[in-house]
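Chain by chain, the residues:
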Amino acid sequence: MSDAASAPYADRRELTAAQRNAVAELLRVSPVADELGRRFAKAGRELHLVGGSVRDALLGRLGNDLDFCTDALPDETLRIVRGWAESIWETGREFGTIGVQRDGLLLEITTYRAEVYDQVSRNPVVQYGTSLTEDLKRRDFTINAMAVSLPDHRFTDPYGGLDDLAAKIVRTPASPEESFRDDPLRMLRAARFAAQLRFAVHPDVRGAMTRMAADLDRITAERIRDEFTKLLCGVDPVTGLRLLVDTGLAERFLPELTGLKLEIDEHAQHKDVYEHTLTVVSNAVSHEDDGCDFILRMAALLHDIGKPATKAVGPDGRVSFHHHEVVGARLTKARMKAMRYPKDVTAKVTALVALHLRFYGYGRGEWTDSAVRRYVADAGDLLPRLHKLTRSDCTTRNRRKAAQLAADYDALEERIARIAAEEDLARVRPDLDGNAIMELLGVPPGPVVGRAWKHLKDLRLERGPLERDEAEAELLRWAREQGVVE
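The model shown is predicted, which means the values in this text are computed figures rather than measured ones. Residue numbering note: each chain is counted from 1, following its sequence as written. Reporting of local features is limited, given that this is a predicted model, to residues whose pLDDT is at least 70; pairs of side-chain atoms are given and counted only at 80 or more, and all residues count toward the totals for whole chains, interfaces and linings. For side-chain calculations, the full set of non-hydrogen atoms in the structure is used, while hydrogens and water are omitted.

Bringing the state of the cysteines into the picture now. The term disulfide is used for any two cysteine sulfur atoms that are within 2.5 Å. Tallied over the entire structure, the rule returns one disulfide. Residue Cys-233 pairs covalently with Cys-292 via a disulfide, S to S 2.1 Å. Because the sign of the S-S torsion sets the handedness, a value of about -60° for the bond joining Cys-233 and Cys-292 places this disulfide among the left-handed ones. Taken together, the residues span a long stretch of sequence, with Cys-233 in the loop between helix 11 (221-232) and helix 12 (237-247) and Cys-292 in the loop between helix 15 (273-287) and helix 16 (294-302) at a distance of 59 residues. Note on Cys-233: relative accessible area 28%, which makes it partly exposed. Helix numbers and strand numbers start at the N terminus; a helix is a DSSP run of H or I with at least 4 residues, a strand a run of E with at least 2. We call a residue buried when its accessible area falls under 20% of the maximum for its residue type, exposed when it is over 50%, and partly exposed in between, using a 1.4 Å probe and counting protein chains only.

Structure, rendered in structure tokens:
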């Protein structure tokens, strides 16, 4: 009996017309899949489009990466695809996966698996399976446990993935406890799917995530980082973030987020800084131009993590968090390093956290042109993101105050544009370069040149562009004060 015929759900309902069209569209735009299926059939082997590819086809969001499973072992898969594939890679061979490229599509073909984890190591111990149903049962969620056979297009859904897809529910094929024992990262992945697809996590799954949150400690920082990045870049990251905090998962790798729940916002705008932070993340998403800006979203998420360490209550009972942006920048750098984010990404997020309060006070008329220049120079190429983060950080429910803050920032952006047009703020540099400094002072390359360059840049920020003779006079004055020249 075939898997499709024996599946408990397959006999009870048919695909809807829309779902049939989705699968047909998948196969219409990807004739490569049928062609590949015929090659496996000729070799006496099965081939199925599987997992996320089927889910995404049914949701109408399929990309160019297709996943397949087969009863052929990796060596046999290699024999079948050689001479047909435009390129082949074997980096996943130890896990039973052979990668193939054909007609602009990236295909991953994996032998049926019944993998288990030894509950101690952080990587799966691969055991090849013998049937499609067994392979589907070991997958993370029912919505990823559906398959379409090739080239005959039989739909197989032994665990009710189609029903869960229609109901927008994240559920596991096996028991949640069994699934999460096999791979604790699946708990984080459940939150990621909630954020990406706006699906609800089944209560049984949510309960297991809460009870087993500590098991996430078995997973490498790199795997957690990659899954969390996908969550934060989902269409609804706030839902995923709430789930991480409510189940205790955030405490395992991002405890600063959970810590925000303890802090009351000093303006009494929200019940706590945690709620304010989630609002800022949501606001940041709305300010994006095209697709996910991870650096902006991460800065929005971490911008206030310095508040718990800087909380103080004044004589009048008001709460303050003085210099929390400085402490927050330090904590951000440490946390992102622990999560193994690249140094350049960490540096950008850290800089935004450090700068996010700089704007406040502008509306009181205290900023000179020099202050505006320094704001732009310190932000550098992060200025567009800093604009968005600062606007996102305005979450007051007081409409008059919100309108005033927005007007103040509009005025600042207009002022930046005016000064930029006059002075090319994007490339603020001293009026004399290193060669001119060495020639005028008669010094070789070295620390003195760097100090002189910094002095001239500070002068440029303070006073704007200088004429050549004025810049030279200022340099000589500085050099005499420093004892560089007589």
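There is more to say, and it comes next.
A few words on the confidence of the model for the chain. Predicted coordinates in regions of low pLDDT should not be interpreted in detail. On average, the chain scores 85 in pLDDT, and the residues at 70 or more come to 86%. Note that pLDDT drops below 50 for residues 1-13; the model gives that stretch 22 contacts with residues more than four away or on any other chain. The predictor reports its confidence for every residue as pLDDT, a score running from 0 up to 100. Residue contacts are defined here by distance: any two heavy atoms, one from each residue, within 4.5 Å place the two residues in contact.

For the rest of this paragraph, the subject is helix 16. Most of helix 16 is tucked away, with nine of its nine residues classed as buried. Within helix 16, the full set of buried residues consists of Phe-294, Ile-295, Leu-296, Arg-297, Met-298, Ala-299, Ala-300, Leu-301 and Leu-302.

Quick look at the pattern of salt bridges now. Whenever a carboxyl oxygen of Asp or Glu lies within 4 Å of a side-chain nitrogen of Lys or Arg, that contact is scored as a salt bridge. Applying the stated criterion across every chain, the model contains 30 salt bridges. Between Asp-164 and Arg-171 there is a salt bridge; the shortest N-O distance is 2.8 Å. For Asp-164, a relative accessible area of 7% puts it in the buried group. The exposure class of Arg-171 is partly exposed, given its relative accessible area of 23%. Here Arg-385 ties to Asp-293 by a salt bridge, and the two come within 2.9 Å at their closest N and O atoms. On the criterion of sequence distance, the pair formed by Arg-385 in helix 21 (residues 383-392) and Asp-293 in the loop between helix 15 and helix 16 is long-range, its members being 92 residues apart. The structure contains a network of salt bridges with shared partners spanning Asp-140, Arg-189, Arg-192 and Glu-227.

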